[in-house]
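Here are the chains, one letter per residue:
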Amino acid sequence: MLDIFLSPNAQWVLFSTLILGTAAGMVGCLSYWKRQSLMSDALSHAALPGVVIAFSILGYKNLPFMIFGAAVSAFIGAWLIQLIRSSSRVKEDAAMGLILSVFFGLGIMLLTVVSRKGGGNQAGLDSFIFGQAASMVRTDVYTMMAVAIVIIAVVIIGFKEWKLFLFDPDFAKGLGLSSRLMDGLYLAMLVLVIVIGIQAVGVILMAALLIIPPVSAHYWTMSFKRMLVLSAIFGGGSGLLGTLISTMGKGWPTGPFIVIASASIFLVSVLAGTQRGLLVRALQLQLQRKQHRLESRPIPRQPVKEGK
Amino acid sequence: MSVLKVEDLSASYRKNKVLSDVNFNVKPGSLTGIIGPNGAGKSTLLKVMLELHPSLSGKVSFFDSTLAKTKRRVGYVPQRGSVDWDFPTNALDVVLMGLYGKIGWFKWPSKQDKELALEALAQMGMADYADRQISQLSGGQQQRVFLARALVQDADLYFMDEPLVGVDAATETAIMTTLKRLKSAGKTVMVVHHDLLTVEDYFDHVMLLNRTIVEYGKTDEVFTKDNVQKTYGGSLRWMKEA
Ligand SMILES: Nc1ncnc2c1ncn2[C@@H]1O[C@H](COP(=O)(O)OP(=O)(O)OP(=O)(O)O)[C@@H](O)[C@H]1O
Ligand SMILES: [Mg+2]
């Protein structure tokens, strides 16, 4: 157990999932208010074929190249979703569901073929499905952290602009803030955070790191700024905690533990969240009732008027 | 100098042509009511002029120049339903958005900016609601916040899409007082409006629109029974008869 804390590699891995979770929490918060949470799920599934194809082209595991493959395939997925939605009367969620399952199916099929040919499993390709943070080498960690830090910086620097763009894109455009630029930037960040996360968290569960933190954060605050910060903390915390637990056992996947950590935070938020939590709301109602009783006591009861 | 000049403008959604052959020239300092039946293309006209929706043909010039060059002088109050009122922010914050152009991108609002925003809220009788969540405002209060955001922009030409829909008499008066004050400050205002009964009281100019411009000019000259019937079709009963 102590070895984990002593090994510098493990420390780096922990730190990188912390940063990844933070970036995912922030981008997820943007998705949440763009009302596009499902988009992150669709895109992370859509990344799989790209990962596998990139691997089979090179014949060995090379993270930057596989990230590139993942990004290309996720962008194609995003573009297809857009295309299906705008060229037919299909609703956005249906288009997302369609792309999600088709791309994931394709990815799994390719994965089977590649590992049949040999080498796929040993190379740890299947870690891209459930995530294996421990399989990351130092350069993987650096790549991941560099990208995550850029994403965090873009969200923070453009905080005011993101807020305007999410609340009222037309007005933003009137002020000269191009919605095409913001849309493009948002999609790029979403795809990037997904592709750097899939080795650690896996394509199936990556979306959880994007969806659960902002939902949990919304139970605690009514301010966009605080929600963004909380979502980042929840995401980072889940990343850290999940990775820590998964390193305790040999070969344990990281993704599921991150999701469990994230879900635990969600559960606490639903119950105890200071803005929308169930307990707080029940308590407030009780207090209101009590106060109402106290206030209305001294006044003698009016006779009930009867309408005739 | 012309404030806004539109030549030969047309626009469509997919297969449906919504606007065709729209031509007009807006007099500086005028307060225009844009009226026409549902689906006449009033909102579309505003969106096309502001380049929020593409045009098929035509030319729109603002202050004898292009929109891109005069953005800071043009204010827009969209229909209230066009934004997500559940978004976690407060009234003051929304009004501050009107100052983003002046503040500059990637910079934070200063104390003075906040004071300006508070002042605009106060002008709309909303000073007490500055810290209130926008989701917890009533429809009329949300509309006042939108107006305050436009005021703080300090534009020279304003477009407003149905600012009076769903508000009570007090809010309607507050909004109209503000619009008239804008006009006397020399600003030009164009308002999509639905209540034919108040047109003569509120606006010095009227644009009658139904897919194209039926008439546009001074209210007392243009707002006649014939013209209104031409715009709305024969079914409308002219209120002065009742
Ligand atoms: N996003 C859209 N996609 C397709 N058609 C649209 C869209 N928005 C508006 N339309 C159509 O364009 C026409 C003009 O719409 P517009 O919203 O400009 O009307 P309006 O005059 O503002 O009406 P209202 O008084 O109801 O606000 C309508 O027939 C409408 O059905
Ligand atoms: Mg309209």
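Here is a short report on the structure shown in this document. All of these numbers come straight from a predicted model, not from anything done at the bench.

### Notes on the interface of chain A and chain B
Across the contact, 26 residues belong to chain A and 32 residues belong to chain B. Surface buried jointly by chain A and chain B totals about 2,700 Å² across both partners, of which 65% is contributed by carbon and sulfur atoms. Among the residues of chain A in contact with chain B, Lys160, Phe167 and Phe171 of chain A are the three that bury the most area, contributing 30% of the side total. Summed over the shared surface of chain A and chain B, the number is three salt bridges. In this structure, Asp168 of chain A engages Arg149 of chain B in a salt bridge whose closest nitrogen and oxygen atoms are separated by 2.8 Å. Run the count over chain A and chain B and you get nine residue pairs in polar contact (both at pLDDT 80 or more). Those elements that place two or more of their residues in the side of chain A that touches chain B are α8 (138-157), α9 (159-167), α10 (169-174) and α13 (224-246) of chain A. In terms of residue count, α9 of chain A provides more of the side of chain A that touches chain B than any other element does, seven residues in total. Residues belonging to the side of chain A that touches chain B are distributed by class as follows: 13 nonpolar, five polar and eight charged.

### Some words on the sheet that holds strand β1 (residues 4-13) of chain B
Residues and elements named next belong to chain B. One open sheet accounts for three strands, arranged β2-β1-β4; its pairing is antiparallel. Looking along the sheet, the strands with just one partner apiece sit at the ends: β2 (16-26) and β4 (57-62). Averaged over neighbouring strand pairs, the angle between their axes works out to 25° when direction is ignored. Two strands pair when backbone bridges link them, and β1 and β4 are joined in this way by five bridges, in the antiparallel orientation. Counted as the bridge partner of Lys5 is Ser61 from β4. Against the sheet, helix α1 (residues 42-49) engages β1, β2 and β4, with an angle of about 115° to β1.

The rules behind the values
- Residues numbered from 1 in each chain as written.
- Chains lettered and ligands numbered in written order.
- Predicted model: local features only at pLDDT ≥ 70, side-chain atom pairs only at ≥ 80, totals over all residues.
- Heavy atoms only, no water.
- Contact = heavy atoms within 4.5 Å.
- Buried area = accessible area lost by both parts, 1.4 Å probe.
- Salt bridge = Lys/Arg side-chain N within 4 Å of Asp/Glu carboxyl O.
- Polar contact = N/O pair within 3.5 Å; in protein donor to acceptor, adjacent residues only side chain to side chain.
- Helix = DSSP H or I, 4+ residues; strand = E, 2+ residues; numbered from the N terminus.
- Nonpolar A, V, L, I, M, F, W, Y, C, P; charged D, E, K, R; others polar.
- Pairing = 2+ DSSP bridges.
- Axes fitted to C-alpha atoms, helices over the stretch in contact; angles between N-to-C directions.

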